[in-house]
Amino acid sequence: MWLFLATEMLFFGPLFLAWIYSRHWNQQGFDAGAQHTELIIGTVNTVVLVTSSLVYTVGVSFIEAGDSRRLIQCCVGAWLLGLVFLWLKFGVEWRHDFERHLFPGSDFAIDGPHGDGALLFFVFYFLGTAVHGLHMIVGLILVGWIIFRARRKEFSAGFYTPVSVVGLYWSFVDMVWIVLYPLIYLIGRGA
Amino acid sequence: MSAIVADTTKHANSYLTDGTTIRSWLLTTDHKRIALLYLGSITLFFFIGGVAAALIRYNLIAPQGMISSAETYNRLFTVHGVVMVWFFLIPAVPVTLGNFVVPLMLGARDLAFPKLNLISWYLYILAGAAALYSLIAGGVDTGWTFYTPLTTAYSKGHVVATIVAIFIAGFSSIATGLNFIISIHTLRAPGMTWYKMPVFLWSLYATSVILVLATPVLAMTLLLLAFERIFHIGVFDPAIGGDPLLFQHLFWFYSHPAVYVMILPGFGVISEIVPAFSNKGLFGYRFVVWSSISIAVISFLVWGHHMFVAGTSLYSALVFSILSFMVAVPSAIKVFNWIGTMHGGSVRFDAPMLYALGFIGLFTLGGLTGLFVAALAADVHLTQTYFVVAHFHYVMVGGMVSAYFAGLHFWWPKITGRIYPEIWGRVGAVIIFLGFNLTFFPQFLLGYLGMPRRYHSYPPEFEVLNVLSSAGATILAVGYLLPLAYLTWSLFYGKRAGANPWNATGLEWRTASPPPTENFEVTPVVTAPPYDYPVREVEQRHV
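Residues numbered from 1 in each chain as written. Chains lettered and ligands numbered in written order. Predicted model: local features only at pLDDT ≥ 70, side-chain atom pairs only at ≥ 80, totals over all residues. Heavy atoms only, no water.

*Asks:* Even after reading the chapter, I still don't get the packing of helix H4 (residues 92–106) of chain B against helix H9 (residues 244–278) of chain B, so can you show me in this structure?
*Replies:* Axes are the key here: two packed helices are described by the angle between their axes and the distance separating the axes. Residues and elements named next belong to chain B. Closest axis-to-axis distance for the H4/H9 pair is 11 Å, and the angle between their directions is 50°. Between H4 and H9, the angle falls in the class oblique. Here H4 and H9 pass one another in a crossing that is left-handed. Contacts from Val-93, Pro-94, Leu-97 and Met-105 of H4 reach H9 at Pro-265, Val-269 and Glu-272. Class assignment for the residues of the contact of H4 with H9 results in six nonpolar, no polar and one charged. (Axes fitted to C-alpha atoms, helices over the stretch in contact; angles between N-to-C directions. Helix = DSSP H or I, 4+ residues; strand = E, 2+ residues; numbered from the N terminus. Parallel < 35°, antiparallel > 145°, perpendicular 65-115°, else oblique. Left-handed = near helix turned anticlockwise from the far one by under 90°. Contact = heavy atoms within 4.5 Å. Nonpolar A, V, L, I, M, F, W, Y, C, P; charged D, E, K, R; others polar.)

Printed below as a string of structure tokens:
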């Protein structure tokens, strides 16, 4: 699993590299773009996602002690928090972005000398959040699978490898977001 | 020696006869059957890529081009590149020979994740279907490197379908790589320490590390490319502040390590065959092992040498040039060690050995010409010419394809339980060697004289060399069709093979040919060092 996460890191790596590299050449445009993002939703989502991971990790320590019922409760909590994240991100934030014509295209909203850079920023924004969202959905399926297996009493203090492996993945998805969050919302807002 | 040869009479019990329905093949999780599924599909793609190559050479017989349209020609060399790189060279040895032999060499029942192994084959087939779709729908004209902005803004071909194909094929590679690494870590037979592993395992280990770490970079790069192609806005578009050079950096960060994905398994195959047919232990085992690992590491640090003339800074080019020279050191170590292995051994010239000798010669030439293009000043003259084409074909085709055929002949008795006709094997090896040199040596001269690659016509003074090259290609084609014919023939009429027809060491030769589904009746225990061949005192005198 650690190996798989190494693969994932190198998958997201080029995205971040390209993002920072492009920002370096188009700083003002990226700043202009960042100022159109929704800081509040982004921040709430960060809290939601990190909490979700925390809850799941607590679940892992419960099963280490052999408490399968608490594990299920924690997983359900983590699962629901993940769902809240997806809803806020794609149901609310993306909808706002589309309404304000921030999706890169001919009717892109931000004009002026830095319009091009802002356009580039939003290419990264949509691609980055979409790929992260896909990983979230996979994560939800995996957590659901853990709930399903835990309900069939398959895990115990002696065997919980799948639980920890899914936990690794779920935390990894968090960490990707921890990088995305400042790239999207924070850097550039001060300018 | 005779003590480890198993009972060979139990053919009824082999993996080939364990279930004969189509379903038992398509849903199998047996690594040996998956290897055969891969063998079939890879042969198909080798054939498609080969036909494209034949048409390219056909076109270049006349200076004005035999095929009327330059557009068609562009699509041909793109198909050739894409299919050969992603659907033949990268998977070829790992997924066919590797899949079959790795668990046997480890003394294991199967790979660590048999289902993942099957999934990787289905991903490969899915990717292949996407590639075939883009081919039938009209093809792509961008070259296998997909440089922007040609790819994103100007190309009229089916770029997205091809990208999807490569994207999926990448996941198939990653799955295989993960499976090999984990199997080698966890499934070694009792007594098989890391330094008792055959070099083939070491080189597949190095290959898998590259696959796992480099392929995802390509995946993200292609995703960015597809986004730009679909929405006409993207990160490689200079009009809005993007950078096309960024694409080249990311692409070569994957694609140069991928070159070593193609050649490292070949090194592994040759390191098995040379000791077996010299009847002598591998010279300098640890050097060969660590040269594989160091090639894998250095491979990540040399991508910039594809971009010397693309407008990168002089200082970065200098560093990349020096790093590229460093690859030559471990490669040369290997060549010298193979020669050292043969020295003083009793060498037999069976077909696998002939292919292996061809490999050593052609790879050496390909590697040495690599130094020409790694040198900054020479590269400015030679880049984008036929010199580069000849260079990488010597490594990839002369090297890798020879190694693939060497391995295929070497393990053929183990895979099928039949012996191929030896005389035809030798004839095939010689024809391929001669045809290959006639095809590609003239291209060194053409490139040196300045003929650029990827044009469908050329000035008349280059005609003689081009005709020679095309003539060589027909000989090469015969050389490749020959094994297809006699290996297929041997499936039905070949002599039955014993457990160890070559008197080779290695756990795979301790079980029956073909092996039973569970590979070994009793888990083997390893006590001897690898390559425990009779002629050892000679080596000890030299060390």
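*Asks:* Honestly, the interface of chain B and chain A in this entry has me stumped. Any pointers?
*Replies:* Often, the extent of an interface is quoted as the loss of accessible area on bringing the components together. Chain B puts 26 residues into the contact, and the matching count from chain A is 25 residues. Buried area between chain B and chain A, both sides added, is near 2200 Å², and the carbon and sulfur share of it is 85%. Taken as a group, B:Met220, B:Phe227 and B:Ile240 account for 26% of the area that chain B buries against chain A, more than any other trio of residues on that side. The tally of links between chain B and chain A comes to zero salt bridges. Those elements giving two or more residues to the side of chain B that touches chain A turn out to be helix H7 (159–186), helix H8 (199–231) and H9 of chain B. In terms of residue count, H8(B) provides more of the side of chain B that touches chain A than any other element does, ten residues in total. (Buried area = accessible area lost by both parts, 1.4 Å probe. Salt bridge = Lys/Arg side-chain N within 4 Å of Asp/Glu carboxyl O.)

*Asks:* What should I look at first to understand the side chain of A:Asp97 in this one?
*Replies:* Residue and element names in this part refer to chain A. On the secondary structure map, Asp-97 appears in helix H4 (residues 68–99). On the basis of relative accessibility, which here comes to 1%, the residue Asp-97 falls in the buried class. With residues near it in sequence (within four places) discarded, Asp-97 still touches Glu-38, Leu-102, Phe-103, Tyr-125 and Phe-126. (Buried < 20%, exposed > 50% of the residue type's maximum accessible area, 1.4 Å probe, protein only.)

*Asks:* Looking at this structure, how should I read helix H5 (residues 114–136) of chain B?
*Replies:* Side chains of residues three or four places apart in an α-helix project in the same direction, reflecting 3.6 residues per turn. All names here are of chain B. Given a rise of 1.5 Å per residue, 23 residues ought to cover 33 Å, and the 33 Å separating the end C-alpha atoms of H5 matches this to within 8%. Among all positions of H5, only Asn-117, Leu-118, Ser-120, Trp-121, Tyr-124, Ala-127, Gly-128, Ala-130, Ala-131 and Ser-134 are buried. Positive phi appears at Gly-138, one or two residues downstream of H5, with a value of about 140°. (Expected span 1.5 Å × (residues − 1).)

*Asks:* Sorry if this is basic, but what is going on with the nonpolar core here?
*Replies:* Buried together is how nonpolar side chains tend to be arranged in soluble globular proteins. Grouped together as the largest cluster of nonpolar side chains are 233 residues, with contacts concentrated most on A:Tyr56, B:Trp86, B:Phe87, B:Tyr404 and B:Trp411. Counting residues per element, this core draws most heavily on helix H14 (residues 386–416) of chain B, at 20 residues. Setting aside its immediate chain neighbours within four residues, B:Tyr404 contacts B:Leu39, B:Ile42, B:Phe88, B:Ala92, B:Val93, B:Thr96 and B:Leu97. (Core = buried A, V, L, I, M, F, W, Y, C linked by side-chain atoms within 4.5 Å.)

*Asks:* Looking at this structure, how should I read a nonpolar patch on the surface?
*Replies:* Residue and element names in this part refer to chain B. A cluster of nonpolar side chains, namely Phe-47, Val-51, Leu-55, Tyr-58, Ile-61, Met-66, Val-467, Leu-481 and Leu-484, defines an oily patch on the protein surface of about 740 Å² accessible area. Broken down by secondary-structure element, the contributors of at least two residues to the nonpolar patch are helix H2 (31–59) and helix H16 (463–493). Here the nonpolar patch takes four residues from H2, the largest share from any one element. Under the relative-accessibility criterion, Leu-484 is labelled partly exposed at 43%. (Patch = residues over 30% accessible without salt bridge, like charges linked within 9 Å, V, L, I, M, F, W, Y side chains within 5 Å. Areas by Shrake-Rupley, 256 points an atom, 1.4 Å probe, with all protein chains shown as cover.)

*Asks:* I would appreciate a short explanation of H2(B) in the present structure.
*Replies:* Here H2(B) is 29 residues long and its end C-alpha atoms lie 41 Å apart, about the 42 Å a rise of 1.5 Å per residue gives. Taking the backbone nitrogen of B:Lys32 as reference, a side-chain oxygen 3.0 Å away marks B:Asp30 as the first, capping residue of H2(B). (Polar contact = N/O pair within 3.5 Å; in protein donor to acceptor, adjacent residues only side chain to side chain.)

*Asks:* Before we go on, may I ask you to explain the packing of helix H12 (residues 351–374) of chain B against helix H15 (residues 422–449) of chain B in this structure?
*Replies:* Residue and element names in this part refer to chain B. At a minimum axis separation of 8 Å, H12 and H15 run at an interaxial angle of 15°. As the angle between them shows, H12 and H15 are arranged roughly parallel. When you trace H12 past H15, the crossing you get is left-handed. Across the interface between the two elements, Ala-351, Leu-354, Tyr-355, Gly-358, Leu-362, Leu-365 and Thr-369 from H12 touch Glu-422, Gly-425, Arg-426, Gly-428, Ala-429, Ile-432, Phe-433, Phe-436, Asn-437, Phe-441 and Phe-444 from H15.

*Asks:* What should I look at first to understand the environment of B:Asp141 in this one?
*Replies:* Residues and elements named next belong to chain B. With respect to the helices, strands and loops of the structure, Asp-141 is situated in the loop between H5 and helix H6 (150–154). A relative accessible area of 12% places Asp-141 in the buried class. The spatial distance from the C-alpha of Asp-141 to the C-alpha of Val-79 is 8.3 Å, given a sequence separation of 62 residues. Within the local environment of Asp-141, its side chain forms a polar contact with the side chain of Ser-155, the two groups lying 2.7 Å apart.

*Asks:* Quick question: what am I supposed to make of the pattern of salt bridges here?
*Replies:* It is possible for side chains of opposite charge to pair when their charged atoms get near one another. Taken as a whole and assessed by the stated rule, the structure comprises twelve salt bridges over all chains. As a salt-bridge pair, A:Glu154 and A:Arg149 come within 2.6 Å of each other at their nearest N and O atoms. Residue classification places A:Glu154 among the partly exposed positions, given a relative accessible area of 28%. Of the charged contacts, one joins B:Asp350 and B:Arg348 as a salt bridge, the two residues approaching to 4.0 Å between their closest N and O atoms. Judged by relative accessible area, B:Arg348 falls into the partly exposed class, the value being 30%. Several salt bridges converge on common partners, so that one network encompasses B:Arg348, B:Asp350, B:Glu422 and B:Arg426.

*Asks:* Can you help me understand the environment of A:Trp19 in this one?
*Replies:* Residues and elements named next belong to chain A. Looking at the secondary structure, you find Trp-19 in helix H1 (residues 2–25). The spatial distance from the C-alpha of Trp-19 to the C-alpha of Phe-159 is 41 Å, given a sequence separation of 140 residues. Sequence-distant contacts of Trp-19, that is, excluding residues within four places in its chain, are made with Phe-30, Phe-121, Phe-124, Tyr-125, Leu-180, Leu-183 and Ile-184.

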